[in-house]
Amino acid sequence: MTERQPELFADVAVRTQLFSNPTSIFTYQVPAPLRSTLVEGTLVWVPFGRQRVQGIVLGLYTTLPQHIQAVAQQATPGAGKGGEPTRPTIRAIIEPSETGIVLPAHLLRLARWVHGYYRARLWDALELLLPPGAEQEAAAVWRATASGLAVELATLPSSERGVLYYLRRNGETPEKMLHDVLHGSPSELRRLCNALKERGLVACGTAVSRPKARTQYERMVRLLLPPSELPAAIEQLGRASRQIVVLRSIAERVGEAEAPDPELGVPAADMPLTTLRQLAERGLVELTQREVLRNPLDGAAIKPDVPPELSPLQAKVLAPISDAVLARQHAVFLLHGVTGSGKTELYLRAIARALRQGRQALVLVPEIALTAQLVRRFAARFGAQVVVLHSGLSLGERFDTWRRLRRGEARVVVGSRSAVFAPLPELGLIVVDEEHEPSYKHEEGVRYQARDVALELAALTDSVVILGSATPAVESYQRAREGMYTLLDLPERVGRKANGGSKSIPLPPVQIVDMRLELQQGNRSIFSRALQRALSDVLKKRQQALLFLNRRGTAAFVMCRDCGYVVGCPRCSAPLTVHLVGQEGLNGARSAGYELLRCHTCGHRELAPTTCPECWSARIRHFGIGTQRVVAAVEELWPDARVLRWDRDVTGRKGAHDRLLQLFLNHEADIVVGTQMIAKGLDLPLVTLVGVVSADTGLHMPDFRAGERAFQLMAQVAGRAGRRDLGGQVILQSYTPDHYALCAAAEHDYRGFFREEIAFREETHYPPFSQLVRFVASGANPDGVRTQAEALAERINDAIRRIQLSDAALIGPAPAFMERMRGRYRWHLLVRAKDVHPLLDVLGPLPGWTVDVDPGSLL
């Protein structure tokens, strides 16, 4: 007699939206066939009401908990045998997902932390862990039964007749498609379908969508007879000429292969499948398949490098990092090194030590533009152990990379912020390059800060963290001063001697040009005279220059000079930017183009007006400049110069960053004009001049971090110049040349800037001396949004008094800086406190509100 297996129950986070239950965790019974194989982290299908939805197993236990939440059925009143209470009915898990996804335990704990800290729905946090394309949906489908196919349509009411007629003509149809085709309301359509179902004319089922990304296989064929028996086999095939040709082709490939796989055979994707099956039926071959990994690094010609000799200071800084990695102990290091100080080489040395310990490494970079050059350096050192993971890859490439990491086949991953959720079961080291970058903050959905998530991930896995930057975030530097992080300094640039040794290279001198004086002295060009002379000198010496302007397009806005009308976006509180559209070549120049106005917020486009829409004046002009205008000005002054534009408008296609970088590194361009994506991290040996066309962009925004952002951007872009023996110089053009952030950047003086900034933060009680949470409401009705914001402000003030949060302060409500965005009006509130989470606990779920803990921007 078979021994009965003990019951097993599972807590499952369900993919559904329930604001009354933000965790969406429900208890299910584990069916007998799964009790020995189901583990925590498995992606499964479960019943939820009348639906079939995806879920992730978070816990398994044999005793039913007291707080159980039955999904669909409630316990019936009354007693069972012996007067015992009737147990609630627990529905069973249907089956694991066909993708076979199992999430690591430490990532499940990380998702719970993200859910609690950032106040995101638990499923949204868990979804960050899933491989791209894993999401599936189960939809109701309807089909005509045998009775429905035979019934006389004229006997049915006209509305039901239309539904049945469509199903008879088109077969099984999803309910959503029926609704779209028949144009009825969802409730009316379901009423009609249920009426037909009661009479047995239609039946309802469930169809599961295919995963958007799946494992890719290549067809293989294995020869089942030795070469000596091949002539006899061909003779037995007689007149089956196609089979003979294919069999000979298989034999040739087996002979040509250096080491054919004895289990899989040789590739056969180009051979006719029907013929292969006929040969298999005769027992001559066996059809097999092998998994094909889509790797964006395949085919890349990357030469292995030789680790350079470290400078004495580099070796001293590396020592404590190496000790922590070897000891397998959690530690956080803030590596503050000037641009060109050799931080990347220290990353490589630390990773090598982690790999020797049998552990994996995660390297985060803020921009996709940085991954191309960085990945080449890492692949040159670690070869096929390196993979790349970011949104610029195809769905299949990301899916395969996720699986390689989960299986431990890849040991080093370089990626953008989402890579912090990569499945690394043996994680030992995390590097956050340019840790100060605002792009580490995710501004949609779950509003996490990848740097802070990485710190929590390291704590969960006992990993070492290196936060690297030439301009650390004020919060990070303050934590290092307080002893929470270990501060490591690299104050000198490192160069290489001819014999392979190291030497010190000076930082480039920075000149701030007062553009007010340029204008007073008659220079109306966008380039100061100093920048013009420097550009001419660079071109004469056949060196390279970088021109930085953090604004795309040709002009910032269009305004009527008679009535002052500014052409704005009809859906956003923003002026439209002028872009020149047409044929574009290598240098970003447009020919035979036309002017188009674009909104950089919502994407709205319209043609540029030739007359003012308000007063019909022809005196409508363009104001401000963008990267396209800078390119045009360079070509006008230096017609022989080869100019490359590098901004979001020209990097939309896959691999665009890598192609542009190679063009510039190969000296196929003399000047690159770009936005912030070229301002950091890139190592450009021939760049001896950096010109900042307008250092004032973003300097005076209503955000307490505006000065910090400006200093970091100026210091980073200045760091692209003079990274080799050629030397270099930096020219900043500004209408506010005395601003403390610009002066500190010109002196390469991070500590001086920090002293000024930290005093301001302490006086105003902004981070790191407090924590912020921002609440944003939006809607089509401006009055309704304002009322909603004022109501929440009353709730917040009441909650602050109730829990006696004496250090808390409410700022607002007020319209957001961008008051209207994508057709919706926006109001926001800001709460400042030592810890905002007690307040959030009291407020509970806030449907319709965006809750942003530690906001990266207040705009």
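Residue numbers restart at each chain and count upward from 1, following the sequence in its written direction. Where local features are concerned, this predicted model is filtered to residues with pLDDT of at least 70; where side-chain atom pairs are given and counted, the filter is 80 or more; whole-chain, interface and lining totals use all residues. To obtain the side-chain values, all non-hydrogen atoms of the structure were used and water was disregarded.

J.: Please set out the overall build of the chain residue by residue, giving values where relevant.
T.: Secondary structure assignment for the chain yields 24 helices and 35 strands. Dimensions along the principal axes, computed over C-alpha positions, put the chain at roughly 95 × 85 × 65 Å. Taken over 859 residues, the chain has a buried fraction of 49%. The contact rule is simple, with two residues in contact once any of their heavy atoms fall within 4.5 Å. Put simply, of all contacts in the chain between residues at least 6 apart along the chain, 75% involve residues at least 24 apart. Working definition of accessibility: Shrake-Rupley area with a 1.4 Å probe, residue cover restricted to the visible protein chains. Surface exposure of the chain reaches about 40,000 Å², of which carbon and sulfur atoms provide 50%. In the chain, 104 side chains carry a positive charge and 91 a negative one; their mean positions are 2 Å apart. The helix and strand labels rest on DSSP assignments: H or I over at least four residues marks a helix, E over at least two residues marks a strand, and numbering proceeds from the N terminus. To sort residues, take the accessible area from a 1.4 Å probe on protein chains only and compare it with the maximum for the residue type: under 20% means buried, over 50% means exposed, and anything in between is partly exposed. Under the counting rule used here, the positive set is Lys and Arg, the negative set is Asp and Glu, and His together with the chain ends is not counted. A single reference atom marks each charge: NZ on Lys, CZ on Arg, CG on Asp, CD on Glu.

J.: Explain empty space enclosed by the protein to me, using residue names and the numbers behind them.
T.: Using protein atoms alone on a 1 Å grid, points that fit a 1.4 Å probe yet trap it form a cavity, whereas open point sets bounded by protein on both sides within 12 Å along at least five of seven lines form a pocket; residues with an atom within 4 Å of a point count as lining. Grid points are joined across faces, edges and corners, and a volume is the space filled by probe spheres set on the points. Enumeration according to the criterion identifies one cavity of 30 Å³ or more in this entry. Contributing to the lining of the largest cavity are Ala324, Val325, Arg328, Gln329, Ala354, Arg359, Gly428, Leu429, Asp462 and Val464. For the lining of the largest cavity, the class distribution of residues is five nonpolar, two polar and three charged. Residues were grouped as follows: Ala, Val, Leu, Ile, Met, Phe, Trp, Tyr, Cys and Pro as nonpolar; Asp, Glu, Lys and Arg as charged; and all remaining residues, including Gly, as polar.

J.: Describe the nonpolar core, listing the residues and the values that go with them.
T.: Side chains of nonpolar character tend, in soluble globular proteins, to be buried together. By nonpolar core we mean a set of buried residues, namely Ala, Val, Leu, Ile, Met, Phe, Trp, Tyr and Cys, connected to one another through side-chain atoms within 4.5 Å. Ranked by internal contacts, the top residues of the largest apolar core, which has 118 residues, are Leu126, Leu362 and Phe775. Residues within four places of Leu362 in sequence aside, it is in contact with Val413, Ala419, Val420, Leu424, Leu427, Leu429, Ile430, Val431 and Leu457. In this structure, Val317, Ala331, Tyr347 and Ala352 belong to the second largest nonpolar core, which totals 35 residues.

J.: So, the sheet that holds strand β5 (residues 95–96): which residues are in play, and what are the values?
T.: In this scheme, strands are said to pair when DSSP sees at least two bridges between them. In space, the five strands of this open sheet follow the order β2-β1-β4-β3-β5, with antiparallel pairing throughout. The open sheet has two free edges, formed respectively by β2 (25–29) and β5, since each of these has just one partner strand.

J.: Kindly report on the environment of Gly707, identifying the contributing residues and their values.
T.: Secondary-structure assignment places Gly707 in helix α20 (residues 706–718). In this structure Gly707 comes out as buried when scored by relative accessible area, which is 9%. When near neighbours in sequence (up to four residues on either side) are disregarded, Gly707 contacts Tyr740, Ala741 and Phe753.

J.: Let's hear about the environment of Ser311: which residues, and what values?
T.: Looking at the element boundaries, Ser311 is found in the loop between β11 (285–292) and α10 (312–327). On the basis of relative accessibility, which here comes to 10%, the residue Ser311 falls in the buried class. Each C-alpha atom of the pair Ser311 and Gly495 lies 9.3 Å from the other, and the pair is 184 residues apart in sequence. Setting aside its immediate chain neighbours within four residues, Ser311 contacts Val494 and Ser502.

J.: Which residues make up the sheet that holds strand β9 (residues 216–223), and what are the values?
T.: The strand order β10-β9-β11 describes an open sheet built from three strands, whose pairing is antiparallel. Each edge of the open sheet is held by one strand with a lone partner, namely β10 (266–267) and β11. Bridge count between β9 and β11: eight bridges; the pairing is antiparallel. By the bridge assignment, Met220 is partnered in β11 with Thr288. Lying on the sheet, helix α8 (residues 241–256) is in contact with β9, β10 and β11; it crosses β9 at an angle near 95°. Every axis corresponds to a line fitted to the C-alpha atoms, with the helix fit spanning only the stretch in contact, and the corresponding angles, defined between N-to-C directions, vary from 0 to 180 degrees.

J.: Tell me about the environment of Arg112, residues and numbers included.
T.: Following the sequence through the fold, Arg112 ends up in helix α1 (residues 105–118). Sequence separation of Arg112 and Arg411 is 299 residues, and the distance between their C-alpha atoms is 25 Å. Arg112 has contacts with Ile25, Leu58 and Leu122, leaving out every residue within four places of it along the chain.

J.: Tell me what's going on with the confidence of the model for the chain, and back it up with residues and numbers.
T.: Scored from 0 to 100, pLDDT records how confident the predictor is in each individual residue. The predicted model of the chain has a mean per-residue pLDDT of 87, with 93% of residues at 70 or higher. Under a pLDDT of 50 for its full length, residues 69–81 has, in the predicted model, 24 contacts with residues more than four places off or in other chains. This model gives residues 585–590 a pLDDT under 50, and the stretch forms 24 contacts once residues within four places in sequence are excluded.

J.: Give me the side chain of Glu475: which residues, what numbers.
T.: Within the secondary structure, Glu475 is located in helix α15 (residues 474–481). With a relative accessible area of 8%, Glu475 lands in the buried category. The residues contacting Glu475, other than those within four sequence positions of it, are Arg705, Glu708, Arg761, Pro767 and Pro768.

J.: Any details on helix α23 (residues 782–802)? Residues and values, ideally.
T.: One less than the number of residues in a helix, times 1.5 Å, gives the span that helix is expected to have. In a regular helix each residue adds 1.5 Å, so 21 residues correspond to 30 Å; α23 covers 30 Å between its end C-alpha atoms and thus fits that length. Within α23, burial applies to Val785, Ala789, Leu792, Ala793, Ile796, Ala799 and Ile800. Taken down its axis, α23 places every buried residue within 130° of arc, on the same side. For α23, the exposed residues lying more than 90 degrees away from the buried face are Asp783, Thr787, Glu794, Arg801 and Arg802. Summarising the contacts, the buried residues of α23 are in contact with β32 (771–779), β33 (809–821), β34 (824–833), α24 (837–843) and β35 (849–853). N or O atoms closer than or at 3.5 Å make up a polar contact, with two conditions inside protein: a donor-capable atom paired with an acceptor-capable one, and, for residues adjacent in sequence, both atoms drawn from side chains. Capping of α23 at its N-terminal end is provided by Asn781; its side-chain oxygen lies 2.9 Å from the backbone amide nitrogen of Asp783. In the segment just after α23, Gln804 is the residue with positive phi, at about 55°. Starting at the helix axis, one direction is taken to each C-beta atom, and the arc is that of these directions.

J.: Before we move on, could you go through a nonpolar patch on the surface and cite the residues and values that matter?
T.: Where nonpolar side chains cluster on the molecular surface, the patch consists of Met177, Val181 and Leu182 and spans about 220 Å² of accessible area. Looking at the element boundaries, Leu182 is found in helix α5 (residues 175–182). Taking relative accessible area as the criterion, Leu182 reaches 31% and is therefore assigned partly exposed. Within this analysis, patches are made of residues with over 30% relative accessible area and no salt bridge. Like charges are joined at 9 Å or less; nonpolar side chains (Val, Leu, Ile, Met, Phe, Trp, Tyr) at 5 Å or less. In the sections that follow, a salt bridge refers to a side-chain nitrogen of Lys or Arg positioned within 4 Å of a carboxyl oxygen of Asp or Glu.

J.: Summarise helix α11 (residues 343–356); cite the residues concerned and give the values.
T.: Relative to the 20 Å expected for 14 residues at 1.5 Å per residue, α11 spans 20 Å between its end C-alpha atoms, a close match to the ideal helical length. Most of α11 sits out of view: 12 of its 14 residues are buried.

J.: Mind laying out the pattern of salt bridges, listing which residues take part and the relevant values?
T.: Where side chains of opposite charge bring their charged atoms close, a pairing between them can arise. Under the counting rule described, the total for this entry stands at 39 salt bridges. The partner of Glu127 in a salt bridge is Arg15, and the shortest N-O contact between them spans 3.9 Å. In this pair, Glu127 is assigned in helix α2 (residues 122–127) and Arg15 in the loop between β1 (9–14) and β2, connecting sequence segments 112 residues apart. For Arg447, the salt bridge is made with Glu443, and the minimal N-O distance between the two is 3.4 Å.

J.: So what about the side chain of Glu757? Which residues, and what values?
T.: Locating Glu757 in the fold gives a position in helix α22 (residues 750–764). On the basis of relative accessibility, which here comes to 1%, the residue Glu757 falls in the buried class. Polar contacts involving the side chain of Glu757 include one to the side chain of Tyr740, which spans 2.5 Å. Setting aside its immediate chain neighbours within four residues, Glu757 contacts Val474, Phe704, Glu708 and Tyr740.

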